[in-house]
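Structural overview
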Amino acid sequence: SSFVARTNTCGELRSAHVGQKVTLYGWVQYQRQGLFLVLRDFQGLTQVVIPQDEAHSHVKELLSSAPLEAVLRVTGTVSPRPLGQQNPKMPTGDIEVKAETAEILNSCKKLPFEIKDFIKKSEALRMQYRYLDLRSARLQSNLRLRSGLVMRMRQYLCNLHGFVDVETPTLFKRTPGGAKEFLVPSREAGKFYSLPQSPQQFKQLLMVGGLDRYFQVARCYRDEGSRPDRQPEFTQIDIEMSFVDQAGIQRLIEGLLQYSWPEERGSIMTPFPSMTYEEALAEYGTDKPDTRFGMKIVDISDILRGSNMHFVQNALSHPHGSVRAICIPQGVRYLTNKDLESLKESAKSQFNQEIMEIIHRPDGSLKSLLSKFLGEKQQSELIQALNMQQDDVVLLAAGEHKQVCSALGALRLLSADLLEAAGLALRDPTAFHFLWVVDFPLFLPKAENPTQLESAHHPFTAPHPADASLLYSDPTKVRSQHYDLVLNGSEVGGGSIRIHSAEQQRFVLEKVLKEDSEVLSHLIEALEFGAPPHGGIALGLDRLISLIVNAPSIRDVIAFPKSFRGRDLMANAPDYVTPEELEPYHIQVSWPLEEKEAKKN
């Protein structure tokens with residue numbers, strides 16, 4: 001309570017304070033029949049007894065008529081609660097404050113929703129009245145945990161390991177490849193700034209500048225649709241180091257997270273396990289596996305290779321053909337026929353992948369359309385390979401390796417959701433499973449034109465030393481020095497060792513990616529002036545915090561987030577501006593006809 005007029009907060013009074021005269025400030029959380037009210041501030045709740053004697057009639061009238069969420073100042077004496085009226089659920093539940101004087105500092109009009117965590121309200125309403133939503137205990141807790149974690153990260157990086165906190169510009173220029181960028185008009189006709197997706201180029205230039213170790217709590221921007229774990233503006237813990245290798249970055253991040261991890265969430269063990277991109281895809285069907293539960297993808301190609309099933313033989317006749325399966329524990333007991341059909345339909349609609357099911361009966365036999373094609377030996381081998389138990393359900397897919405794995409990986413997660421909804425505990429919500437995924441391909445075929453390549457991470461990522469020569473002969477086979485950090489099936493960080501040779505950077509941009517290197521001439525020129533070997537990483541702060549507090553969306557850990565469609569519902573942004581305001585930027589808006597008519601009306 002330093003620097004302010006209160007003597008105590010509403011969350012700190014205990015039996016040891018009995019007899020003390022205190023002054024509290026806060027919001028009216030609850031009021032009961034003119035007998036007492038509960039006062040709330042950022043730290044907690046205190047019960048205030050409303051005086052009933054004639055001498056304090058004005059205090060009684062004022063407190064009894066104070067509306068919910070009115071802001072009060074209350075002065076009174078701390079007293080023990082009467083025997084049997086203690087509230088063990090409240091930290092201040094052993095005491096109450098007998099009010100002597102009070103003042104309404106600001107009243108409150110009718111609320112659009114109650115400020116209580118258990119009251120359901122739409123996300124749109126919460127966004128519109130975000131300043132009210134921020135008063136909830138959940139958001140208060142999330143934002144304070146976030147603040148504490150960032151502070152400990154600063155201590156670890158700056159105080160313990162000599163990192164320099166540098167702010168980089170927000171107005172920059174377009175970067176080739178990657179996500180769409182927001183454009184900002186300038187007063188030079190036809191010229192625009194871009195808001196950076198990340199401080200990537202700046203942090204590399206800081207290494208060229210000899211800063212050696214850089215970090216920043218960086219605000220970043222992407223002009224793409226919002227998702228539960230993505231926003232058009234977001235925050236990352238941005239890090240870069242000179243003279244470092246992949247193992248060095250990984251050790252740094254493991255130490256950083258262990259040092260800054262909230263005590264109330266338990267401890268995390270280091271080093272984190274590591275898995276290659278190919279292993280992750282083959283076993284989990286994704287480059288961000290949730291390792292809190294099993295149900296791994298199993299390769300059963302060799303078991304079925306000798307069968308006379310046409311779809312199996314057709315799949316295995318191709319160079320990258322594969323037959324794989326996942327085993328859903330207790331699927332017969334927990335999944336309905338409708339659930340199984342929805343899983344198969346999902347694989348068909350999302351991945352164009354047919355799925356066959358096999359059920360392990362109580363008598364040990366297999367129930368499936370495939371049973372008649374399987375000999376006793378093959379059935380036994382399948383049961384052993386998939387570790388099938390009574391009432392398990394197997395989902396089988398045959399086809400191109402990556403497609404099969406991706407489809408089964410998606411079904412693995414959907415099955416887990418269905419099992420948990422039906423009451424089977426599968427993923428421990430209090431567990432934190434970190435995982436490094438390494439050895440990504442350096443380039444991937446473009447989705448819209450598979451004959452062209454794009455960077456799997458970004459164009460500044462260095463090739464794996466063992467594959468460096470392939471960069472010039474067969475770039476599709478080059479692995480990268482790119483590493484991702486995954487937590488409970490969500491990517492929370494990504495980084496790489498960077499290209500520090502101007503010649504190699506120019507080759508990647510011009511010859512492999514077919515990009516205009518002139519856009520990055522400043523960076524390529526900087527690499528020619530003695531750029532040190534360097535690498536780094538960025539941790540997605542919003543996503544990391546949302547996983548730590550088990551929030552359903554990153555919007556629950558950001559003070560003023562954008563809506564699902566990227567709008568600020570509180571201030572109604574983005575908004576229209578007048579032609580006069582656009583004139584200095586040499587911009588005219590071409591309105592669609594229906595919007596033109598709407599503006600007229």
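Residues numbered from 1 in each chain as written. Predicted model: local features only at pLDDT ≥ 70, side-chain atom pairs only at ≥ 80, totals over all residues. Heavy atoms only, no water.

**A closer look at the overall build of the chain**
Each helix and strand counted, the chain has 19 helices and 22 strands in total. In terms of overall dimensions, the chain has a C-alpha envelope of 95 × 75 × 60 Å along the principal axes. Within the chain, the proportion of its 601 residues that are buried is 47%. Across the chain, contacts joining residues at least 24 apart in sequence account for 67% of those joining residues at least 6 apart. By element, 52% of the accessible surface of the chain is carried by carbon and sulfur atoms, the whole surface being about 30,600 Å². Taken as two groups, the 67 positive and 74 negative side-chain charges of the chain have centres that lie 4 Å from each other. (Helix = DSSP H or I, 4+ residues; strand = E, 2+ residues; numbered from the N terminus. Buried < 20%, exposed > 50% of the residue type's maximum accessible area, 1.4 Å probe, protein only. Contact = heavy atoms within 4.5 Å. Areas by Shrake-Rupley, 256 points an atom, 1.4 Å probe, with all protein chains shown as cover. Lys, Arg positive; Asp, Glu negative; His and termini not counted. Charge placed at Lys NZ, Arg CZ, Asp CG, Glu CD.)

**With respect to the nonpolar core**
Where a protein is soluble and globular, its nonpolar side chains tend to be buried together. Judged by nonpolar contacts, the single largest core of 50 residues is most densely connected at Ile239, Ile253, Leu257, Phe434, Leu485 and Leu539. For this core, the element with the most residues is helix H4 (residues 137–160), which contributes 6 residues. Each residue touching phenylalanine 434, except ones within four places of it in the same chain, is listed here: Leu257, Trp261, Ile268, Phe272, Pro273, Leu485, Val486 and Leu487. Core analysis: the second largest hydrophobic core is formed by 22 residues, Val393, Val404, Leu408 and Leu411 among them. (Core = buried A, V, L, I, M, F, W, Y, C linked by side-chain atoms within 4.5 Å.)

**A closer look at the sheet that holds strand S14 (residues 356–360)**
Overall, antiparallel pairing links the 5 strands, which are arranged S12-S13-S16-S14-S15 in an open sheet. Pairing within the sheet leaves two strands with one partner each, and these edge strands are strand S12 (298–299) and strand S15 (366–367). Where S14 meets S15, 2 bridges bridge the pair, whose relative direction is antiparallel. Its bridge partner lying in S15, histidine 360 is registered against leucine 366. (Pairing = 2+ DSSP bridges.)

**A look at the packing of aromatic side chains**
Per the stated rule, a full pass over the model turns up 11 aromatic pairs. Residues phenylalanine 272 and phenylalanine 434 carry aromatic rings whose centres are separated by 4.5 Å and whose planes lie at 10 degrees to one another, so their mutual orientation is stacked. Pair noted here: phenylalanine 272 is in the loop between helix H6 (246–260) and strand S11 (274–276) and phenylalanine 434 is in strand S17 (residues 434–438), with a separation of 162 residues, a long-range link. Accessibility classification places phenylalanine 272 together with phenylalanine 434 in one group, the buried group. Considering the side-chain rings of tryptophan 436 and tyrosine 483, the 6.4 Å spacing of their centres and the 80 degrees angle between planes classify their relative orientation as edge-to-face. (Phe/Tyr/Trp six-rings, centres within 6.5 Å; stacked < 30°, edge-to-face > 60°.)

**Here we look at the side chain of glutamate 181**
With respect to the helices and strands, glutamate 181 occurs in the loop between strand S6 (164–165) and strand S7 (183–185). Although buried, glutamate 181 forms no salt bridge, and the nearest oppositely charged side chain, arginine 174, lies 6.2 Å from it. Of note is the side chain of glutamate 181, whose polar atom sits 3.2 Å from the backbone nitrogen of threonine 175. Engagement of the side chain of glutamate 181 in a polar contact is seen with the side chain of glutamine 197, the distance being 3.0 Å. Contact partners of glutamate 181, with chain neighbours within four places excluded, come to Lys173, Arg174, Thr175, Ser194, Leu195, Gln197 and Asp223. (Salt bridge = Lys/Arg side-chain N within 4 Å of Asp/Glu carboxyl O. Polar contact = N/O pair within 3.5 Å; in protein donor to acceptor, adjacent residues only side chain to side chain.)

**Here's the deal with the packing of H4 against H6**
The contact between H4 and H6 brings their axes to 8 Å, and the two run at 130 degrees. Considering the angle they form, H4 stands oblique to H6. Seen along the crossing, H4 lies across H6 with a hand that is right-handed. Taken together, the residues of H6 that come into contact with H4 (itself represented by Leu149, Arg152, Met153, Gln155, Tyr156, Leu157 and Leu160) are Leu252, Gly255, Leu256, Leu257, Tyr259 and Ser260. Split into classes, the residues belonging to the contact of H4 with H6 amount to 9 nonpolar, 3 polar and 1 charged. (Axes fitted to C-alpha atoms, helices over the stretch in contact; angles between N-to-C directions. Parallel < 35°, antiparallel > 145°, perpendicular 65-115°, else oblique. Left-handed = near helix turned anticlockwise from the far one by under 90°. Nonpolar A, V, L, I, M, F, W, Y, C, P; charged D, E, K, R; others polar.)

**Focus: the sheet that holds strand S3 (residues 45–49)**
Spatially, the 5 strands close up into a barrel ordered S1-S2-S3-S5-S4, and their pairing is mixed. Mean inter-strand twist for the sheet, computed between neighbouring axes without regard to direction, equals 55 degrees. Direction of pairing for strand S1 (residues 21–32) relative to strand S2 (residues 36–40): antiparallel, over a ladder of 5 bridges. In the sheet register, tyrosine 30 faces S2, and the bridge partner there is valine 38. Helix H1 (residues 57–65) rests against S1, S2, strand S4 (71–80) and strand S5 (95–106) of the sheet, and its axis sits at about 75 degrees to S5.

**Details of the side chain of histidine 482**
Here histidine 482 shows up in strand S20 (residues 482–487). When near neighbours in sequence (up to four residues on either side) are disregarded, histidine 482 contacts Val437, Val438, Asp439, Phe440, His457, Thr461, Gly495 and Ser496.

**Section: the state of the cysteines**
This structure, assessed with the given rule, holds 0 disulfides. In this structure cysteine 10 is not part of a disulfide, and its nearest cysteine sulfur, from cysteine 108, lies 16 Å away. Since its relative accessible area comes to 0%, cysteine 10 is described here as buried. Cysteine 220 takes part in no disulfide bond, and the closest cysteine sulfur to it belongs to cysteine 158, at a distance of 17 Å. Assessed through its relative accessible area of 0%, cysteine 220 is described here as buried. (Disulfide = S-S within 2.5 Å.)

**Looking at the pairing of S1**
Relative to S4, S1 runs antiparallel, the two being bridged by 7 bridges. What sits directly across from valine 22, in S4, is glycine 76. Taking the residues that link successive antiparallel strands as the turn, the S1-S2 hairpin has 3 residues, and the phi of glutamine 33 there is positive, at about 50 degrees.

**Some points on a nonpolar patch on the surface**
There is a patch of nonpolar side chains on the surface, built from Tyr131, Phe560 and Met570 and spanning about 310 Å² of accessible area. By the element assignment, methionine 570 lies in the loop between helix H17 (541–548) and helix H18 (579–582). (Patch = residues over 30% accessible without salt bridge, like charges linked within 9 Å, V, L, I, M, F, W, Y side chains within 5 Å.)

**What to know about the domain arrangement of the chain**
Segmentation of the chain into domains returns domain 1 (15–106), domain 2 (141–275 + 434–556) and domain 3 (293–422). Computed over C-alpha atoms, the centres of domain 2 and domain 3 are 37 Å apart. (Domains from an automatic or database assignment.)

**As for the environment of arginine 543**
Looking at the secondary structure, you find arginine 543 in helix H17. The class for arginine 543 is buried, based on a relative accessible area of 16%. Put simply, arginine 543 and phenylalanine 234 are 309 residues apart on the chain and 9.3 Å apart in space, counted from C-alpha to C-alpha.

**Some words on the pattern of salt bridges**
Within this structure, the stated rule accounts for 32 salt bridges. The shortest N-O distance in the salt bridge between glutamate 69 and arginine 40 comes to 2.8 Å. With a gap of 29 residues between them, glutamate 69 in the loop between H1 and S4 and arginine 40 in strand S2 connect regions that are remote in the sequence. Pair check on accessibility: glutamate 69 and arginine 40 agree, each one buried. Between arginine 219 and glutamate 233 there is a salt bridge; the shortest N-O distance is 3.6 Å. Here arginine 219 is found in strand S9 (residues 213–221), whereas its partner glutamate 233 is found in strand S10 (residues 233–242), with 14 residues between them in sequence. Given a relative accessible area of 44%, arginine 219 falls into the partly exposed group. In this structure glutamate 233 comes out as partly exposed when scored by relative accessible area, which is 23%.

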